[in-house]
Amino acid sequence: MTFDDLKQIKSEAERVSSLYKLFNEDARLNHSKAARVEFLTNVHIIERYLKVGSKIMDIGAGAGEYSLYFAEKGYDVTAVELAEENIKAFRAKLRPELAVGLHQGNACDLSAFCDDSFDVVLVFGPLYHLEKREDRSKCISEAKRVCKKGGVIFFAFISNDMVILTESFCYDANYFTGDTYDHNSFKVKDFPFVFFTVEVARKMILDEKIQILTEVASDGVSELLADKINTMSDKNYEQYLKYHIYCCEKPEMLGRSNHILFAGKK
């Protein structure tokens, strides 16, 4: 399987499943100090809204990084994941004593789950993949439907504007002169992921009548500066994390983060 092969796949669900034969989602959030920033920041924000006995749904659960973390903390977690490779990695880490229900399914169709069932709903993967506006709307409305009234829904997006910098300075020295983005509008081509500006992501949530509680630069410049962050001493890294948490909800930071997190109230 190659990226060229992916382009030939017409079914979005099949394309997403095939994508994770190329990307190791199991290691994405934990392979380095820089990579861990996104996870630690998101957990910090989510825990702000959790209560004793909260029921969590993790839609697009990947290899289970968040589901397993919160199950270890004693929460009841229901996880939904589409890609078979991620399901296999998730199952390999499951232990009988953890309260995790793992289901293979599509974020746009949660009909197996009742309305108003979960206190907290995580949507951390699906909006990276849904190219059609109507599918994104369906995904968000389904997450809203299964969330209890007054519950909190978390949506993650990949930032169009920051991706241009990280691609240019971390991976491809000729990115600025390449053809993977529009040179006038600076819109990145939506392959193999789908990219959004802060404004577009925000409107997407508000259009579904969800009240935004906070907006977070989940990883900030951590991918851009990964080489330097990964060589930090543990003591310096700990203070860097404190600094990042201090500024990650400042509005002026949002556009300079590869991943953006929105917390919304139903």
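Criteria and cut-off values
- Residues numbered from 1 in each chain as written.
- Predicted model: local features only at pLDDT ≥ 70, side-chain atom pairs only at ≥ 80, totals over all residues.
- Heavy atoms only, no water.
- Pairing = 2+ DSSP bridges.
- Helix = DSSP H or I, 4+ residues; strand = E, 2+ residues; numbered from the N terminus.
- Right-handed = clockwise from strand over helix to strand, strands pointing away.
- Salt bridge = Lys/Arg side-chain N within 4 Å of Asp/Glu carboxyl O.
- Buried < 20%, exposed > 50% of the residue type's maximum accessible area, 1.4 Å probe, protein only.

**Student:** Explanation requested: the pairing of strand E3 (residues 100–104) in the structure shown.
**Tutor:** On any regular strand, side chains alternate: one points to one face of the sheet, the next to the other face. Sheet topology note: the strand E2 (residues 76–81)/E3 ladder contains 5 bridges and is parallel. Bridge pairing in E3 places Ala79 opposite Leu102. With helix H6 (residues 84–93) bridging E2 and the parallel E3, this β-α-β connection has right-handed handedness.

**Student:** Honestly, the pattern of salt bridges in this entry has me stumped. Any pointers?
**Tutor:** Should the charged atoms of two oppositely charged side chains come close, the side chains can pair. Summed over the entire model, instances satisfying the criterion amount to 13 salt bridges. Glu38 serves as the salt-bridge partner of Arg28, at 3.0 Å between the closest nitrogen and oxygen. One end of the pair, Arg28, is in helix H3 (residues 25–28); the other, Glu38, is in helix H4 (residues 33–47), with 10 residues separating them in the sequence. Classification of Arg28 by relative accessible area gives partly exposed; the value is 25%. The closest approach of N and O atoms between Glu249 and Arg48, which form a salt bridge, is 2.9 Å. Residue Glu249 is located in the loop between helix H11 (234–247) and strand E8 (259–265), and its partner Arg48 is located in the loop between H4 and strand E1 (55–59); the two are separated by 201 residues in the primary sequence. With a relative accessible area of 28%, Glu249 lands in the partly exposed category. Judged by its relative accessible area of 41%, Arg48 is partly exposed.

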